[in-house]
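Remarks on the overall topology
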Amino acid sequence: AAFFGRCTWFGVPIDRGLYRSVVAHEVAHAVVGCQPGAAQLPLPAHEYMAYVAMFGTMEPRLLERVLANYAGTGFDHDAQINSLMYGFDPMRFGANAWKHFRQQADGRAFFQRILAGETLRDELIFGD
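Residues numbered from 1 in each chain as written. Predicted model: local features only at pLDDT ≥ 70, side-chain atom pairs only at ≥ 80, totals over all residues. Heavy atoms only, no water.

**Here's the deal with the pattern of salt bridges**
- Throughout the structure, instances matching the rule amount to 2 salt bridges.
- In this structure, Arg20 and Glu59 form a salt bridge, with 3.2 Å as the shortest nitrogen-oxygen distance. Of this pair, Arg20 sits in helix α1 (residues 16–33) while Glu59 is found in the loop between α2 (43–56) and α3 (60–67), placing the two residues 39 residues apart along the sequence.
- Exposure remark for Arg20: the relative accessible area of 45% places this residue in the partly exposed category. (Salt bridge = Lys/Arg side-chain N within 4 Å of Asp/Glu carboxyl O. Helix = DSSP H or I, 4+ residues; strand = E, 2+ residues; numbered from the N terminus. Buried < 20%, exposed > 50% of the residue type's maximum accessible area, 1.4 Å probe, protein only.)

Written out as structure tokens, the structure is:
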């Protein structure tokens with residue numbers, strides 16, 4: 001009831017499809033949290049995987065409407081996926097995570113790298 005009371009989320013009216021994707025997001029957090037070593041994963045790694053699950057469960061028309069509110073192609077490189085980016089705009093972070101994930105040659109392998117702590121370690125890189 002509280003979620004439906006928000007009226008919009010990600011710039012679109014809340015409906016059952018959007019609610020279902022939010023549930024998928026939260027279930028993904030629970031599943032990721034049960035993985036070995038997950039306690040050491042930084043927030044952006046958890047959020048990245050949860051947002052990918054969320055966007056991946058959206059019906060195509062809803063996904064198109066949501067992504068229309070977030071220009072760009074997603075993150076350019078893994079170092080951009082950090083707490084600062086998440087903290088400034090969690091919704092844009094989610095849209096960019098989905099776009100970034102869709103560019104991966106092997107999404108499953110990328111998730112395995114995240115869970116192994118090989119990427120998305122939340123290190124801010126300054127300079128070139």
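**Structural notes on helix α5 (residues 90–102)**
- With 13 residues, α5 ought to run about 18 Å at 1.5 Å a step, and its terminal C-alpha atoms sit 18 Å apart, in line with that.
- Of the positions making up α5, those classed as buried are Phe93, Gly94, Ala95, Asn96, Ala97, Trp98, Lys99, His100 and Phe101.
- Packing partners of the buried residues in α5 comprise α2, α3, α4 (83–88) and α6 (107–115). (Expected span 1.5 Å × (residues − 1). Contact = heavy atoms within 4.5 Å.)

**Section: the packing of aromatic side chains**
- Under the defined criterion, the tally for this structure stands at 11 aromatic pairs.
- Relative to Tyr51, the ring of Phe10 lies with its centre 6.2 Å away and its plane at 85°, an arrangement referred to as edge-to-face. Of the two residues, Phe10 is situated in the loop between β1 (8–9) and β2 (12–13) and Tyr51 in helix α2; the sequence distance between them amounts to 41 residues.
- Take Phe10: its relative accessible area is 3%, and that puts it in the buried class.
- Residue Tyr51 is classed as buried on the basis of its relative accessible area, which comes to 4%.
- Between Tyr51 and Phe93, the aromatic rings sit 6.3 Å apart at their centres with planes inclined by 55°, giving tilted as the arrangement. Of the two residues, Tyr51 sits in helix α2 while Phe93 sits in helix α5, which places them 42 residues apart along the sequence.
- Judged by relative accessible area, Phe93 falls into the buried class, the value being 1%.
- An aromatic cluster of at least three residues, connected via ring pairs, comprises Trp9, Phe10, Tyr51, Phe55, Tyr70, Phe75, Tyr86, Phe93, Trp98, Phe101 and Phe111. (Phe/Tyr/Trp six-rings, centres within 6.5 Å; stacked < 30°, edge-to-face > 60°.)

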